[in-house]
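Spelled out from the first residue to the last, the chains are:
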Amino acid sequence: MKLRTTLILAAALAGGVVMVSEVRIAAAEPIGKITILYDAFGTDAAMKKDWGFSALVEVSGKRILFDTGNDADIFAANIKAKNVDLTSIDFVVLSHRHSDHMAGLNHVLSVNPTVKIYAPKEGFGIYGSSLPSSFYRKDESLPQEMRYYDGKPPEVMKFGTAWQRANIEPIDKTTEIAPGITLIALVSDAPGTKELKELSLAVNTADGIVLVVGCAHPGIEKIVEAAKAINPRIRLIAGGFHLVVASDEVIAKAVAALKDGFKVENIAPGHCTGEPTFAALKQAFGDRYLYAGVGTSLTFDQAKDLGGRRGEGPTMQDDDLAVYRKLAQREDPFGILRARQQRTRLSHL
Ligand SMILES: [Zn+2]
Ligand SMILES: [Zn+2]
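Quick summary incoming for the structure in this document. Fair warning: this is a prediction, and the values are worked out from it, not measured in the lab.

**Some points on the overall build of the protein chain**
- Within the protein chain one finds eight helices and 15 strands.
- Across the 349 residues in the protein chain, those meeting the buried criterion constitute 46%.
- Sequence-distant contacts in the protein chain: of pairs separated by 6 or more residues, those separated by 24 or more amount to 67%.
- Split by element, the accessible area of the protein chain, about 18200 Å² in all, is 55% carbon and sulfur.

**A closer look at the coordination of the zinc ion (ligand 2)**
- Distances from the zinc ion (ligand 2) to its protein donors, namely D100 (OD), H101 (NE2), C215 (SG) and H271 (NE2), fall within the range 2.1 to 2.4 Å.
- If you look at the zinc ion (ligand 2), its four donor atoms make angles of 90 to 158 degrees with each other, and the shape they trace is irregular.
- Going along the chain, you hit the donors of the zinc ion (ligand 2) in the pattern D-H-x113-C-x55-H.
- The metal-metal distance between the zinc ion (ligand 2) and the zinc ion (ligand 1) is 3.5 Å. The residues D100 and H101 share a single accessibility class, namely buried.

**A short note on the packing of aromatic side chains**
- Taken as a whole and judged by the stated rule, the model has eight aromatic pairs.
- Geometrically, the ring pair formed by Y136 and Y148 is edge-to-face, given 5.1 Å between the ring centres and 85 degrees between the ring planes. Of this pair, Y136 sits in the loop between β6 (129–132) and β7 (156–159) while Y148 sits in the loop between β6 and β7, and the two are 12 residues apart along the sequence.
- Exposure remark for Y136: the relative accessible area of 13% places this residue in the buried category.
- Take Y148: its relative accessible area is 57%, and that puts it in the exposed class.
- For the cation-ring pair, K138 lies above Y136, with the distance from its terminal atom to the ring centre recorded as 3.9 Å.

**Some words on the pairing of strand β14 (residues 267–270)**
- Taking every second residue as pointing to the same face, both faces of β14 are buried, with I267 and P269 on one and A268 and G270 on the other.
- As a crossover connection, the stretch from strand β13 (residues 234–240) through helix α5 (residues 248–261) into β14 is right-handed.

**What to know about the nonpolar core**
- I34, V57, I64, I181, L183, L201 and L236 are the most contacted members of the largest nonpolar core, which has 30 residues in total.
- Apart from the residues within four sequence positions on either side, I34 is in contact with A55, L56, V57, V210, V212, L236, A238, T296, S297, L298 and F300.
- In this structure, A202, A216, I251 and L258 belong to the second largest nonpolar core, which totals 28 residues.

**Focus on the pattern of salt bridges**
- Inspection of the entire model under this criterion finds nine salt bridges.
- Here E265 makes a salt bridge to R233, at a shortest N to O gap of 2.7 Å. Taken together, the residues E265 in the loop between α5 and β14 and R233 in the loop between α4 (220–230) and β13 connect sequence positions 32 residues apart.
- Judged by its relative accessible area of 4%, E265 is buried.

Parameters and conventions
Residues numbered from 1 in each chain as written. Chains lettered and ligands numbered in written order. Predicted model: local features only at pLDDT ≥ 70, side-chain atom pairs only at ≥ 80, totals over all residues. Heavy atoms only, no water. Helix = DSSP H or I, 4+ residues; strand = E, 2+ residues; numbered from the N terminus. Buried < 20%, exposed > 50% of the residue type's maximum accessible area, 1.4 Å probe, protein only. Contact = heavy atoms within 4.5 Å. Areas by Shrake-Rupley, 256 points an atom, 1.4 Å probe, with all protein chains shown as cover. Donors = N, O, S within 2.8 Å, 3.2 Å for Na, K, Ca; no water. Tetrahedral: all angles 85-135°; square planar, octahedral: opposite > 155°, others 65-115°. Phe/Tyr/Trp six-rings, centres within 6.5 Å; stacked < 30°, edge-to-face > 60°. Lys NZ or Arg CZ within 6 Å of the ring centre and 35° of its normal. Right-handed = clockwise from strand over helix to strand, strands pointing away. Core = buried A, V, L, I, M, F, W, Y, C linked by side-chain atoms within 4.5 Å. Salt bridge = Lys/Arg side-chain N within 4 Å of Asp/Glu carboxyl O.

Next comes the structure, spelled out in structure tokens:
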């Protein structure tokens, strides 16, 4: 009897030890957080609303400023309201060259002039670039005064940037810039923004990818596809999905692709996602739709764990793909069109 009690006690103690060490491991893992600093909707009275995007991403011991909003003064006011110390950020990511993502950079540089800034690499553009001088055709028969650089060009020709003293590192292709932190580089193919390069931030956490997108001009589905190549499990997507003027059909297909095709677990849309897309995503994702108005702080553990595999094996199985294809072919996979038509009919009454 005594022996049994001792054994039970020992087992309980052993269990206790295991529990304690598990708790310790969990506590040691940094809890990621995304704070929305710039957007045109929100409930935080201390924050100014304006079109544009910026977010502070705190993860794996890094503080990353993703985009800088549309107006330097509003950006500065929102930074102050949230008490964000710009001198202690590790780096800035500028998703793309549109001004509603860049206008606050002057404020960042006024506080932290040497901060590392990642931006898409463009041939000629606002972030600056360079080319070997061999790129242009020469004509040695011309007199010196008619020749570029008197006929003696520098080996590398540098092209200007709007922020001459800034520490800008151009990113040409998808690059892991710190352990587990990848910048996905893609190019838009959409009319109006053809050849526009955009960077998206993918953080590979123990619970899947946390993906932050600026405007998603290359297409949110293409960006998620690229993120899935890093880790097939997508825990959370935040930012602008660029469906602000999309038709209901396009919205329905994108929502089906995210939810059923890519099995995105949680969604925190903002910026250029669009009001009808907010509605469609809310309907599809339910309590896995995380509100992300300006001033909101999302912690990664708010994102629901769907019990997916931890990084190994593809999440998209053959039968998932079949369902996705079927849904994508269907005109109205979530009944969004039907609901809207009913609403329109009602509003006409
Ligand atoms: Zn844009
Ligand atoms: Zn934008």
